[in-house]
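# What the coordinates show
Now for the letters of each chain:
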Amino acid sequence: MKDYGHLLGTPGAEAFAARVRDFSEWVAARGPLRLHDTGRSVVVQDPCHLRHVQRAHGAVRTVLGPAYRLRETADDGLCCGAGGAYAVLQPELSATLRARKVEAIRAAAIDGIQPLVASANPGCALHLGAAGLDVRHPAELLADALEDDHA
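Just so it is clear, the structure is predicted and the values come from calculations on it, not from any experiment. Here the residue index of a chain counts from 1 through its sequence in written order. Owing to the predicted nature of the model, reporting of local features is limited to residues with pLDDT of at least 70; listing and counting of side-chain atom pairs is limited to 80 or more, with chain, interface and lining totals taken over all residues. Values shown for side chains rest on all heavy atoms present in the structure; no hydrogens or waters enter the calculation.

This part covers helix H9 (residues 138-145). Relative accessible area decides the class of each residue, using a 1.4 Å probe on protein chains only: under 20% of the type maximum gives buried, over 50% gives exposed, and in between gives partly exposed. Put simply, DSSP marks the helices as runs of H or I at least four residues long and the strands as runs of E at least two long, and each gets a number from the N terminus on. Every buried residue belonging to H9 is among Pro 138, Leu 141, Leu 142 and Ala 145, and all of these are buried. Across the axial projection of H9, the buried residues extend over an arc of 100 degrees, all falling on one side. Contacts are assigned to residue pairs that have any heavy atoms within 4.5 Å of one another. Where H9 is buried, its residues contact helix H3 (23-29), strand E1 (40-44), helix H5 (58-64), strand E2 (68-71), strand E3 (116-118) and strand E4 (134-136). It is the directions from the helix axis to the C-beta atoms that the arc portrays.

Written as structure tokens, this is what we have:
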């Protein structure tokens, strides 16, 4: 949606695209949330659209950092293999990419502990979850870390 202005070339599409934000970008722009330190580690999985197209992958780190020990993969943003219909149209290549991504995620996790993974893309979450990973949207992780003002 951030590319609609470029793709369609109309003033309306450009105005719309200028308002599009990823969830983490939106939260980060509003200032810090009142979060408690969960003591948990989270491996950040950058969906391709956020890292390579929108270049908005830093915001998830900004919003989750106060509550989680963030772990990075050493794969420099390797695709997970979901890619919209890609997993259906190219299942063998998709499975190979997923296996590499899962290996990178497990290597980034604390030894011997099943990694908790943050990913803002539902396709990535489903694809990696099918490989046995516990994948959560950043909104879920933030909800778990919000300070309870009523306690």
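This brings us to a nonpolar patch on the surface. Residues enter patches when their relative accessible area tops 30% and they take part in no salt bridge; the joining distance is 9 Å for like charges and 5 Å for the nonpolar side chains Val, Leu, Ile, Met, Phe, Trp and Tyr. Areas reported here follow the Shrake-Rupley algorithm with a probe of radius 1.4 Å; residue values treat only the protein chains shown as occluding. Every case where a carboxyl oxygen of Asp or Glu lies within 4 Å of a side-chain nitrogen of Lys or Arg is listed as a salt bridge. A contiguous nonpolar surface patch, about 530 Å² in accessible area, is contributed by Met 1, Tyr 4, Leu 7, Leu 8 and Phe 16. With 3 residues, the top contributor of residues to the nonpolar patch is helix H1 (residues 4-8). By the element assignment, Tyr 4 lies in helix H1.

Turning our attention to the environment of Asp 22. With respect to the helices and strands, the residue Asp 22 is situated in the loop between helix H2 (11-19) and H3. Placed 98 residues apart in sequence, Asp 22 and Ala 120 show a C-alpha to C-alpha distance of 8.4 Å.

Pairing between two strands is assigned when DSSP locates at least 2 bridges connecting them. Bridge count between E1 and E2: 4 bridges; the pairing is parallel. When the sheet's bridge partners are listed, Arg 40 is paired in E2 with Tyr 68. With 2 bridges connecting them, E1 and E3 associate as parallel partners. Following the sheet pairing, Val 43 is matched in E3 by Val 117.

Right, let's talk about the side chain of Thr 73 for a bit. As for its placement among the helices and strands, Thr 73 is situated in the loop between E2 and helix H6 (86-89). Pairs of N or O atoms are called polar contacts if they sit within 3.5 Å, as long as, within protein, a hydrogen donor faces a hydrogen acceptor (for residues adjacent in sequence, only side-chain-to-side-chain pairs). Polar contacts involving the side chain of Thr 73 include one to the side chain of Asp 75, which spans 2.7 Å. Excluding residues within four positions of it along the chain, Thr 73 makes contact with Val 43, Val 44, Lys 101, Ala 104, Ile 105 and Ala 108.

On the basis of which strands lie adjacent, the open sheet formed by 4 strands has the order E2-E1-E3-E4 and parallel pairing. Taken across any chain shown, the strands that pair with only one partner, and hence form the sheet edges, are E2 and E4. Neighbour to neighbour, the strand axes of the sheet diverge by 40 degrees on average, direction disregarded. Contacts between H9 and the sheet are confined to E1, E2, E3 and E4, with E4 contributing the most and set at about 85 degrees to the helix. Lines fitted to C-alpha atoms define the axes, with helix axes restricted to the stretch in contact, and inter-axis angles between N-to-C directions lie between 0 and 180 degrees.

Let us look at the pattern of salt bridges. This structure, assessed with the given rule, holds 6 salt bridges. Here Asp 134 and Arg 136 are joined by a salt bridge, their closest N and O atoms 2.9 Å apart. A single salt-bridge network, built from bridges that share partners, covers Asp 46, Arg 61 and Glu 72.

Take Asp 46: it is sitting in the loop between E1 and helix H4 (48-53). A distance of 2.9 Å separates a polar atom in the side chain of Asp 46 from a polar atom in the side chain of Arg 61.

Limitation: the analysis is restricted to geometry and does not speak to function.
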